[in-house]
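# Notes for the structure review
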Amino acid sequence: MSVSNENESNNFLETIIEDDLAAGQHDGRVLTRFPPEPNGYLHIGHATAICLNFGLGLKYGGKTNLRFDDTNPITEETEYVDSILEDVEWLGFKPANIFYASDYFPQLYAFAQDLIRNGLAYVDDSTSEEIAKMKGTPTQVGVNSPYRDRSIAENLDLFEKMKNGEYPEGSRVLRAKIDMASPNMIMRDPLLYRIKFAHHHRTGDTWCIYPMYDMAHGQSDSIEKITHSICTLEFVPHRELYDWMIDKLGIYPSKQYEFARRNLSYTVVSKRKLLRLVQEGHVRGWDDPRMPTISGMRRRGYTAQAIREWAKRVGIAKRENLVDLGLLEFCVREDLNRLAVRVMAVLHPLKVTLTNFPEGKTEWLETENNPEDVNAGVRSLPFTQTLWIEQDDFMENPPPKYFRLSPGGLARLKSAYIIQCDEVVKDESGKVVELKCTYYENSKSGEDTSGLKPKSTIHWVSADRAVPAEIRLYDRLFTVENPGADERDLLDLINPDSLTVLSNAMVEPALAETRPGLYYQFMRLGYFATDPDSTADHLVFNRTVTLKDTWLKVAARNS
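Bear in mind that the values here come from a model prediction, so they are computed numbers and not experimental data. (Residues numbered from 1 in each chain as written. Predicted model: local features only at pLDDT ≥ 70, side-chain atom pairs only at ≥ 80, totals over all residues. Heavy atoms only, no water.)

On to unusual backbone geometry, then. Here Asp189, not a glycine, exhibits a phi torsion of approximately 50°, which is positive. Take Asp189: its relative accessible area is 0%, and that puts it in the buried class. (Buried < 20%, exposed > 50% of the residue type's maximum accessible area, 1.4 Å probe, protein only.)

Glancing now at the sheet that holds strand E2 (residues 63-68). The strand order E1-E2-E3 describes an open sheet built from three strands, whose pairing is parallel. Looking at strand neighbours, the two that pair on one side only are strand E1 (31-34) and strand E3 (97-100), the edges of this open sheet. Taken pair by pair, the neighbouring strands of this sheet meet at an average axis angle of 30°, ignoring direction. Here four bridges tie E2 to E3, and the two strands are oriented parallel to one another. Residue pairing for E3: Arg67 is matched across the bridge by Phe99. The sheet contacts of helix H2 (residues 44-59) involve E1 and E2, and relative to E1 the element is tilted by about 165°. Contacts from helix H7 (residues 213-224) reach E1, E2 and E3 within the one sheet, and its direction differs from that of E2 by about 135°. (Pairing = 2+ DSSP bridges. Helix = DSSP H or I, 4+ residues; strand = E, 2+ residues; numbered from the N terminus. Axes fitted to C-alpha atoms, helices over the stretch in contact; angles between N-to-C directions. Contact = heavy atoms within 4.5 Å.)

All right, on to the sheet that holds strand E22 (residues 461-462) then. The strand order across the open sheet built from seven strands is E21-E18-E19-E20-E14-E17-E22, with neighbouring strands paired in mixed fashion. For this open sheet the edge positions go to strand E21 (457-458) and E22, each flanked by a neighbour on one side alone. For strand E18 (residues 410-413) and strand E19 (residues 418-426), the ladder comprises three bridges, and the chain directions are antiparallel. Bridge pairing in E19 places Arg412 opposite Ile418.

Our next topic: the packing of aromatic side chains. Overall, the coordinates contain 21 aromatic pairs when judged by the stated rule. Summarising the aromatic geometry, the rings of Tyr41 and Trp286 are spaced 5.4 Å apart at their centres and angled 15° between planes, so their arrangement reads as stacked. Of the two residues, Tyr41 is situated in the loop between E1 and H2 and Trp286 in the loop between helix H9 (271-279) and helix H10 (294-300); the sequence distance between them amounts to 245 residues. Ring centres of Tyr417 and Tyr439 lie 5.0 Å apart, and the angle between their planes is 85°; on these two criteria the pair is classed as edge-to-face. Remark: Tyr439 occurs in strand E20 (residues 432-439) and Tyr417 occurs in the loop between E18 and E19; sequence separation between them is 22 residues. The class of Tyr417 is buried, set by a relative accessible area of 3%. Residue classification places Tyr439 among the buried positions, given a relative accessible area of 6%. Three or more aromatic residues joined by ring pairs form one cluster here, namely Phe105, Tyr109, Phe159, Tyr193, Trp207 and Tyr210. Over the ring of Tyr109 we find Lys163; its NZ or CZ atom is 5.4 Å from the centre of that ring. Over the face of the ring belonging to Phe12 we find Lys318, whose NZ or CZ atom lies 4.8 Å from the ring centre. (Phe/Tyr/Trp six-rings, centres within 6.5 Å; stacked < 30°, edge-to-face > 60°. Lys NZ or Arg CZ within 6 Å of the ring centre and 35° of its normal.)

This is the structure in structure tokens:
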């Protein structure tokens, strides 16, 4: 078992585990689990839970199971199972075991029969509306079902017939017999099984009754001998039933503990709302880089290390909190600053012709790949008579303190030479379309003897050798900080500028060999990742994050 770093304070879950280990609980084992429902793609909230559960297992020399809570065949698909497996692995974690709640259907059915035999469960013929009404309210006790006192023999017979498909869907349910006057509404004879004639992604048509969450959750934990079953706060009212079921069945005493969700600003994680965005075409799919899904973040260019670091910084608490998206973006920048190769790309090209550079000549200039990594090496850039620079790097009538290129002004080209703008060429509409410049041959980067002192360095690419690319500039999907709590329609909150597509960008030729999964810093522009849509004939890059947090300035200006 690993021990805590004395310089780090424990969160409350770590304290619980260390106290249990010190007391010899669970035979000195730590076994946690991550139990997603395979009815959608995992999002940033799930990433927090994954990092927590697997992190606790690793810290205390234990293990973590991945268990699919596949008890609702109507909403579950193999596509979701595959995506969850990919996401967990991509985040850097390896489950000790991969289980499915459906693996335990025979055992769970046997548990339900045991409850019936002990007079602790009964088959109820009431409608869902009648059951809801009989439950009462938090201030009014419930009313016993007229079917509550059926005999054990009758209940066993009815339950078996439910399993055999002899009754229509919705006609009968199995309920626990606990206390209709309990102050905890969950304990008022909760539903344990319902009839569903639906094809299951693993068991096919073998079953037509399926366990409810409270029938499957704690018992699956117990079957696997989970020591610490960690849930979010909405499951606090379920803990009493979790313990009741384990106690009455006399099975392994797994324990449930709860922590608070960490909601992310400018984000929604409701599966219902995310599904709406996908189905109505407001995003391009579950892995759209604007989505808070793990697959969307991966496609955008977020790294697994950045997400793990964010989860660590956010920490664990007992009270829900809204976490600034800027913290996640900071973690992404920190990691990409370490990893990303520095390259040059021009998003809005403006032609520059060097009038004194030999036509047809190509000079190869050396530039570093990553100043943060001494082992990253160098590469060669082609320098030719005709170049592309950013339109924003030239102003014909510059304001004070504008130090980039202007008529008669100087600027250094990154890893190349100092140039001076001599002439501005415009089209018929008056738009600047070309700059004619002089380059200073004795001003080469690293060998400069010109004595010239330009006050800016700008990026560029060779017009003869550059490769065209599509650039997708992503921003926050919503314009308000907490869209999940806003009463307006979700669509009214969407940021109209969350995606801008640039079709005429030019990138340096080294990027012609790019592939998905590679990260770049487009110098002076931001961090970018190669999109899976990218091909050798049509390069596509996604902006992962800007070099600095510009959103706060935009939000302040619009407030």
